[in-house]
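Fold and geometry: a report
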Amino acid sequence: MAGAAALRKAEAQDDFAAYEMASPSLLADQPPSLPYKPAEPDQDWEQIFSHLESRLNGMRTWRYSWWTYWSVLAEFFLPRRYHWVITANTYNKGNPINQAIIDGTATLAKNICAAGMIEGLMPTTREWFKMRTALQNFEPDAEAKAWLEDTETRMYTVLAQSNFYTEMAQVAEDEVVFGTSPPIMYEDAEKVIRLYVPCAGEYFLAVGSTFTVDTLYREYVMTVAQIVDFFTLESWPEQVSK
């Protein structure tokens, strides 16, 4: 109990989430809901926003060549998974855009390849990952093995009850056509996790010094009601609230 009290004190001081530093026993001792904490505006928001906007403009310029290539692929394979320009208040979403697809051979091949990827990597009918210790020459005791098994079961339950498998099927389809697809995972109050898969053209990727992707920007449209429901009114920056 003393350890749990110390952990809660550290969280209050440093704003750490429980799962960032808690052991299994302390994590199990956490309350089911977080205490309400009113949002405070970031004093440096204007500088941060200016930096993000300038970097987005630079990434948009670098991505132009991919845009043109993706537009050709989308025209013949997956027209409704590509957005050339993100603009609000467009009323042509239901217009026919698949006139270029005359023969279904390519579409069928895409579907078979995507289904094979999902069935081989993360099938819904059998186990596809195991939790083990990363340390070599280390054999966990009975309690640790029980914890690993219980946590693994919980993870499978969360994945099955959320939209994980549905969205990962979309990821596979996008990867077959466009070569990449970044699933975005958020915490969810009802399903624990919820995945969002942006269309090609909505997102921007950048790599770091190790030439691996470490930056994701996403440009998309939401209604006011959707924004309030997702971010809450208290979290809005002043510029948006106006």
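As a starting point, this report considers the structure included with it. (Residues numbered from 1 in each chain as written. Predicted model: local features only at pLDDT ≥ 70, side-chain atom pairs only at ≥ 80, totals over all residues. Heavy atoms only, no water.)

**Describing the overall build of the chain**
Note the threshold: Helix numbering and strand numbering both begin at the N terminus, where a helix is a DSSP run of H or I of at least 4 residues and a strand a DSSP run of E of at least 2. Residue exposure (1.4 Å probe, protein chains only): buried if accessible area is under 20% of the type maximum, exposed if over 50%, otherwise partly exposed. Whether two residues touch is decided by their heavy atoms; if any such pair falls within 4.5 Å, the residues are in contact. Residue-level accessible areas treat just the shown protein chains as cover; the underlying method is Shrake-Rupley with a 1.4 Å probe.
From N to C terminus, the chain includes 10 helices and 4 strands. Taking all 242 residues of the chain together, the buried fraction comes to 25%. Considering only contacts within the chain whose residues lie at least 6 apart along the sequence, 54% involve residues at least 24 apart. In the form shown here, the chain has an accessible surface area of approximately 17,700 Å², with 58% of it arising from carbon and sulfur atoms.

**A closer look at the packing of helix 6 (residues 105-121) against helix 8 (residues 164-178)**
Just so we agree on the cut-off: Fitting a line to C-alpha atoms yields each axis, with helices limited to the stretch in contact; the angle taken between N-to-C directions then spans 0 to 180 degrees. Each angle receives one of four descriptions, namely roughly parallel if under 35 degrees, roughly antiparallel if over 145, roughly perpendicular if within 65 to 115, and oblique otherwise. Should the near helix be turned counterclockwise from the far one by less than a right angle, the crossing is left-handed, whereas a clockwise turn marks it as right-handed.
Relative to each other, helix 6 and helix 8 sit at 130°, their axes nearing to 9 Å. One element, helix 6, and the other, helix 8, form an angle in the oblique class. Crossing geometry of helix 6 relative to helix 8 is assigned as right-handed. Together, K110, N111, C113, A114, M117 and I118 of helix 6 and M168, A169, A172, E173, E175, V176 and V177 of helix 8 make up the contact between the two elements.

**Quick look at the pairing of strand 4 (residues 213-218)**
Defined as follows: For two strands to be treated as a pair, DSSP must find no fewer than two bridges joining them.
Here strand 3 (residues 203-207) runs beside strand 4; their pairing, made up of 5 bridges, is antiparallel. For F204, the partnering residue across the bridge sits in strand 4 and is Y217. Hairpin connection from strand 3 to strand 4: 5 residues lie between these consecutive antiparallel strands, with F211 at a positive phi of about 60°.

**Describing a nonpolar patch on the surface**
Which entries qualify depends on this criterion: Patch definition: residues above 30% relative accessible area lacking any salt bridge, with like charges linked at up to 9 Å and the nonpolar side chains Val, Leu, Ile, Met, Phe, Trp and Tyr linked at up to 5 Å. Definition used for salt bridges: Asp or Glu carboxyl oxygen within 4 Å of a side-chain nitrogen of Lys or Arg.
Nonpolar side chains collect at one region of the surface, where L205, V207, F211, V213 and L216 lie side by side and expose about 490 Å² of accessible area between them. Residue assignment for the nonpolar patch shows that the elements contributing at least two residues are strand 3 and strand 4. Within the secondary structure, L216 sits in strand 4.

**Some thoughts on the nonpolar core**
Counted only if it meets this: By convention a nonpolar core is built from buried Ala, Val, Leu, Ile, Met, Phe, Trp, Tyr and Cys residues, the set being connected through side-chain atoms within 4.5 Å.
Core analysis: the largest hydrophobic core is formed by 14 residues, its most contacted members being I118, M122, L159, F164, Y165, M168 and L195. At the level of secondary structure, the elements contributing two or more residues to this core comprise helix 6, helix 7 (142-161), helix 8 and strand 2 (192-196). By residue number, the principal contributor to this core is helix 8, which donates 5 residues. Counting 10 residues, the second-largest nonpolar core is a separate cluster that includes W67, L73, A74 and L78.

**Examining helix 8**
Inclusion rule: Expected span, for any helix, means 1.5 Å times one less than how many residues it has.
The end-to-end C-alpha distance of helix 8, which contains 15 residues, comes to 20 Å, matching closely the 21 Å that a straight helix rising 1.5 Å per residue would cover. When you tally the buried positions in helix 8, you get 11 out of 15 residues, the bulk of the element. Of the positions making up helix 8, those classed as buried are F164, Y165, E167, M168, Q170, V171, A172, E173, D174, V177 and F178. The inward-facing, buried residues of helix 8 abut helix 5 (64-76), helix 6, helix 7 and strand 2. Of the residues trailing helix 8, G179 is marked for its positive phi of about 90°.

**Here we look at the side chain of S162**
Stated precisely, the cut-off is as follows: Side-chain atoms alone can form a polar contact between residues adjacent in sequence; in general such a contact is a pair of N or O atoms within 3.5 Å, and within protein one must be able to donate a hydrogen while the other accepts it.
For S162, the position within the fold is in the loop between helix 7 and helix 8. In this structure S162 comes out as buried when scored by relative accessible area, which is 12%. Among the polar contacts made by the side chain of S162, one reaches the main-chain carbonyl oxygen of L159 at a distance of 3.2 Å. With near-sequence residues (within four places) excluded, S162 lies in contact with K191 and I193.

**Looking at the pairing of strand 1 (residues 184-188)**
Where strand 1 and strand 2 come together, 5 bridges link them in antiparallel fashion. Residue pairing in the sheet places D188 in a bridge with V192 of strand 2.

**Examining unusual backbone geometry**
In this structure, N137 takes a positive phi of about 60° despite not being glycine. Checked against the element boundaries, N137 lands in the loop between helix 6 and helix 7. One non-glycine residue, F211, adopts positive backbone phi at about 60°. Note on placement: F211 falls in the loop between strand 3 and strand 4.

**Some points on the environment of I227**
Structurally, I227 is set in helix 9 (residues 224-231). Given a relative accessible area of 22%, I227 falls into the partly exposed group. Beyond its immediate chain neighbours, meaning those up to four positions away, I227 contacts M222, T232 and W236.

**Digging into the pattern of salt bridges**
Counted by the stated rule, this structure contains 10 salt bridges. A salt bridge links K130 to E152; the nearest nitrogen and oxygen atoms lie 3.4 Å apart. Remark: E152 occurs in helix 7 and K130 occurs in the loop between helix 6 and helix 7; sequence separation between them is 22 residues. Using a relative accessible area of 6% as the deciding quantity, one classes E152 as buried. One network of salt bridges, with partners in common, ties together E127, K130 and E152.

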